[in-house]
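Summary of the model geometry
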Amino acid sequence: MKKTLWPTLIVILVAGIAGIAYYLHLQQAPPPPVAGQPAAPPPPPQSHYPIEEPAPVAATAPPKPLPGLDESDAEAQDGLGSVFGQQTLVDLFQLKGIIRRIVATIDNLPRDKVAGRLLAVKPVPGHFAVAGEDGNRSISADNYARYSPYVRAAQLVDVKKLVSVYVHLYPLFQQAYVGLGYPDGYFNDRLVQVIDNLLAAPALTPPVRLDQPNVLFVYADPELESLSAGQKMLIRMGPANAAVVKDKLRQIRVEVTSRLRKQP
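Residues numbered from 1 in each chain as written. Predicted model: local features only at pLDDT ≥ 70, side-chain atom pairs only at ≥ 80, totals over all residues. Heavy atoms only, no water.

Quick look at the sheet that holds strand S4 (residues 218-219) now. In spatial order, the strands read S1-S2-S3-S4; together these 4 strands make up an open sheet with antiparallel pairing. The two strands at the open ends of the sheet, each matched to only one other strand, are strand S1 (130-131) and S4. Pairing of strand S3 (residues 209-211) with S4 involves 2 bridges; the strand directions are antiparallel. The residue of S4 that forms the bridge with Asp-211 is Val-218. (Pairing = 2+ DSSP bridges. Helix = DSSP H or I, 4+ residues; strand = E, 2+ residues; numbered from the N terminus.)

Let us now look at the nonpolar core. The tendency in soluble globular proteins is for nonpolar side chains to be buried side by side. Ile-98, Ile-99, Tyr-166, Phe-173 and Phe-187 are the most contacted members of the largest nonpolar core, which totals 50 residues. Contacts of Tyr-166, omitting those with residues within four sequence positions, involve Ile-51, Phe-173, Phe-187, Asn-188, Leu-191 and Val-256. With 8 residues, the next largest nonpolar core counts Leu-210, Tyr-219, Leu-227 and Ile-235 among its residues. (Core = buried A, V, L, I, M, F, W, Y, C linked by side-chain atoms within 4.5 Å. Buried < 20%, exposed > 50% of the residue type's maximum accessible area, 1.4 Å probe, protein only. Contact = heavy atoms within 4.5 Å.)

What follows covers the pattern of salt bridges. Note that side chains of opposite charge can pair when their charged atoms are close. In total, this model carries 7 salt bridges according to the counting rule given. A salt bridge links Glu-255 to Lys-160; the shortest N-O distance between them is 2.9 Å. In this pair, Glu-255 sits in helix H11 (residues 239-258) while Lys-160 sits in helix H6 (residues 159-168), placing the two residues 95 residues apart along the sequence. Look at Glu-255 and you get buried, because its relative accessible area is 10%. Exposure remark for Lys-160: the relative accessible area of 52% places this residue in the exposed category. (Salt bridge = Lys/Arg side-chain N within 4 Å of Asp/Glu carboxyl O.)

What follows covers the packing of aromatic side chains. Applying the stated criterion across every chain, the model contains 9 aromatic pairs. With centroids separated by 5.1 Å and ring planes inclined at 55°, the aromatic side chains of Phe-84 and Phe-93 adopt a geometry described as tilted. When the ring of Tyr-170 is compared with that of Tyr-186, the centres are 5.5 Å apart and the planes differ by 45°; the resulting orientation is tilted. Here Tyr-170 is found in helix H7 (residues 170-179), whereas its partner Tyr-186 is found in the loop between H7 and helix H8 (187-199), with 16 residues between them in sequence. (Phe/Tyr/Trp six-rings, centres within 6.5 Å; stacked < 30°, edge-to-face > 60°.)

A separate point is the packing of helix H5 (residues 148-156) against H11. Two numbers describe how H5 lies on H11: the axes approach to 9 Å, and their chain directions differ by 30°. With respect to H11, the axis of H5 lies roughly parallel. Remark: the crossing between H5 and H11 carries left-handed chirality. Counting all contacts with H5, which are made through Val-151, Ala-154 and Gln-155, the residues of H11 involved are Asn-241, Val-244, Val-245 and Lys-248. Class assignment for the residues of the contact of H5 with H11 results in 4 nonpolar, 2 polar and 1 charged. (Axes fitted to C-alpha atoms, helices over the stretch in contact; angles between N-to-C directions. Parallel < 35°, antiparallel > 145°, perpendicular 65-115°, else oblique. Left-handed = near helix turned anticlockwise from the far one by under 90°. Nonpolar A, V, L, I, M, F, W, Y, C, P; charged D, E, K, R; others polar.)

The next subject is the side chain of Gln-231. With respect to the helices and strands, Gln-231 occurs in helix H10 (residues 229-236). We classify Gln-231 as buried; its relative accessible area is 7%. Other than its neighbours up to four places away in sequence, Gln-231 contacts Asn-197, Leu-198, Ala-200 and Ala-201.

Glancing now at the packing of H6 against H11. Relative orientation of the contacting elements H6 and H11 amounts to 50°, with a least axis distance of 10 Å. Taken together, H6 and H11 sit at an angle that is classed as oblique. Note on packing geometry: the crossing formed by H6 with H11 is right-handed. Of H11, the residues touching H6 (which contributes Val-159, Lys-160, Leu-162, Val-163 and Tyr-166) are Lys-248, Gln-251, Ile-252, Glu-255 and Val-256.

So, about the environment of Pro-123. The residue Pro-123 is located in the loop between helix H4 (98-108) and S1 in this model. Looking at Pro-123, the relative accessible area reads 62%, which means it is exposed. Put simply, Pro-123 and Leu-92 are 31 residues apart on the chain and 8.3 Å apart in space, counted from C-alpha to C-alpha. Setting aside anything within four residues of it in sequence, one finds Pro-123 in contact with Gln-94 and Tyr-150.

Laid out in structure tokens, this is it:
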């Protein structure tokens, strides 16, 4: 064979290999969209803890549909009242726009601050109680009693019943969460994240030291001062109260993560 044929054979060989590779690529790649036909939308984000919708119950009449979010106060109050008791609900909760308030409160607990106007519960009565003199201030044990009605209400809650109400009303909770600016968010995932944040709050042995650089008190320990708003609330209510709340949160977490919708 003449040497002048080698360049031609090399070009043919390279072209052949490239053609085979391109053919294999076409076999593996999805077909291009047809002209004029919109591309398929990307799949929606998967939630980690998708809430299972209650199975339909055989009945002579179809189940009553949920009201719109703006008209949901009565439905939410009936459901939550069956869990906490109507009087406790009136005494401790902000009932106007209750679902939006619950969603906003939960979403804000892991942040630096919680806006008082958004809280789902009424303000804790009384004033923040401090013990000690200047330069040696700490949270007073008298402060812990202010939280007793809230802790007692949490302690008496039937968690399974509470989560059943939550599941029933879940489309409204989800709508309120999307309305906060999370179009792709899933509220039950956020709820679990917030519970985990609260459970991570340190269990402290009093006294908890305070400083007062301005009008408001802050924790003397910078690490405590850097905690989330929800974690600071647990510290302010005292170790015994915080232990009760954490125990109830663990129970709620088990319930809201066990009611998972089967993924396809």
